[in-house]
Amino acid sequence: MQLFVEVAKAGSFSATAKKLNVERSSISRNIAALEKALGVQLLSRTTRQVALTTAGELLYRQISPHLDSLQEAVTGLPEREEQPAGLIRVTVLGDIAIKFLAGALAGFTARYPAIQVEVHISNHLVDLVNDGIDVALRVVKAKLNDSTLIARPLTDIVMHVYAAPSYLARAGTPRTLIEAADHQWLVYRDMRIPQLVQPTQKPAVTGDDMLFLQEAAKAGIGIAALPTFLARHDVAAGNLVRILPETSIVIGVLNILHPPAKQLSRKVRVFREYLVDYLSVHPLVG
């Protein structure tokens with residue numbers, strides 16, 4: 001229909017082909033297919049120009065205004081405006097969401113008030129395309145397994161060893177990894193994260209959520225290896241003490257992931273770049 005309108009305006013297949021940067025034969029085939037589908041001749045063709053038939057004139061008057069309105073609607077979409085707008089759906093781990101993303105979103109939503117962010121907290125991998133997710137924030141230990149996603153590394157995730165003052169007062173403070181092996185441990189169940197210590201006894205508590213293990217450590221149950229961005233505020237407040245200061249491990253890299261696109265939407269692009277800038281001022285490591 002759009003090709004037909006363009007030919008009707010130009011009065012020429014060649015002029016239309018030049019304007020749209022397509023082959024003249026392609027336009028001719030499409031118009032012929034349209035005429036066959038409608039069962040009427042729309043254009044009378046000569047060697048130099050084409051003219052609308054009676055049926056073609058009627059169709060042109062009926063559809064041209066609607067196609068113009070449709071074009072205006074498309075070009076007026078929020079992504080084409082100067083200010084990026086629309087909904088971004090983000091999937092993220094619970095600890096990253098609470099201790100990092102929530103704070104980052106305060107500045108992001110203030111800078112881009114026309115963007116709404118929908119956060120889905122999950123410890124499980126999500127199929128971004130099938131689940132309609134725009135962006136994932138995930139800690140990747142090594143090379144990304146899913147080659148269909150685009151990954152932008154944001155920051156290393158580093159773990160240290162912590163315990164509550166109440167536990168250390170009761171059980172003593174280990175000075176080496178060998179001494180620490182005899183203590184009560186709080187262990188993260190995800191085997192993709194290597195254990196800093198192999199306890200000589202069964203873990204006091206095992207869990208699959210870092211925020212839970214952080215609270216268990218603060219309660220004085222035992223020793224826990226925690227990401228630094230989780231524990232640092234409790235260390236400052238005196239709720240946790242870093243022990244074994246020579247022990248540190250990088251468990252992976254926080255990446256922002258999104259499906260590939262020939263032209264990444266502006267809202268996702270500004271979201272990604274904002275997080276990069278935010279982490280340069282508010283680093284997670286330390």
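What you are looking at is a predicted structure, and each value in this text was computed from that prediction instead of being measured.

Draft legend 1. A look at the packing of aromatic side chains. If you walk through the whole model with that rule in mind, you get five aromatic pairs. With 5.9 Å between their ring centres and 55 degrees between their planes, Phe 100 and Tyr 278 make a pair best called tilted. With a gap of 178 residues between them, Phe 100 in helix α5 (residues 94-111) and Tyr 278 in helix α10 (residues 266-281) connect regions that are remote in the sequence. On the accessibility criterion, Phe 100 (2% relative accessible area) is buried. Take Tyr 278: its relative accessible area is 17%, and that puts it in the buried class. Judged by centre distance (5.5 Å) and plane angle (65 degrees), the rings of Phe 108 and Tyr 274 are edge-to-face. One end of the pair, Phe 108, is in helix α5; the other, Tyr 274, is in helix α10, and 166 residues separate them in sequence.

Draft legend 2. The arrangement of unusual backbone geometry in detail. A positive phi is found at Leu 244, a non-glycine position, where the angle reads about 50 degrees. With respect to the helices, strands and loops of the structure, Leu 244 is situated in the loop between β10 (241-243) and β11 (249-258). Since its relative accessible area comes to 5%, Leu 244 is described here as buried.

Draft legend 3. View of the environment of Lys 99. By the element assignment, Lys 99 lies in helix α5. For Lys 99, a relative accessible area of 36% translates into the label partly exposed. Separated by 132 residues in sequence, Lys 99 and Ala 231 place their C-alpha atoms 9.9 Å apart. The residues touching Lys 99, leaving out its near neighbours within four places in the chain, are Leu 211, Gln 214, Phe 229 and Leu 230.

Draft legend 4. Spotlight on the pattern of salt bridges. Tallying each qualifying case throughout the model produces eight salt bridges. Notably, a salt bridge pairs Arg 152 with Glu 273, separated by 3.1 Å at the nearest N-O pair. Pair noted here: Arg 152 is in strand β6 (residues 150-163) and Glu 273 is in helix α10, with a separation of 121 residues, a long-range link. One network of salt bridges, with partners in common, ties together Arg 152, Arg 272 and Glu 273.

Reading the values: rules and limits
Residues numbered from 1 in each chain as written. Predicted model: local features only at pLDDT ≥ 70, side-chain atom pairs only at ≥ 80, totals over all residues. Heavy atoms only, no water. Phe/Tyr/Trp six-rings, centres within 6.5 Å; stacked < 30°, edge-to-face > 60°. Helix = DSSP H or I, 4+ residues; strand = E, 2+ residues; numbered from the N terminus. Buried < 20%, exposed > 50% of the residue type's maximum accessible area, 1.4 Å probe, protein only. Contact = heavy atoms within 4.5 Å. Salt bridge = Lys/Arg side-chain N within 4 Å of Asp/Glu carboxyl O.

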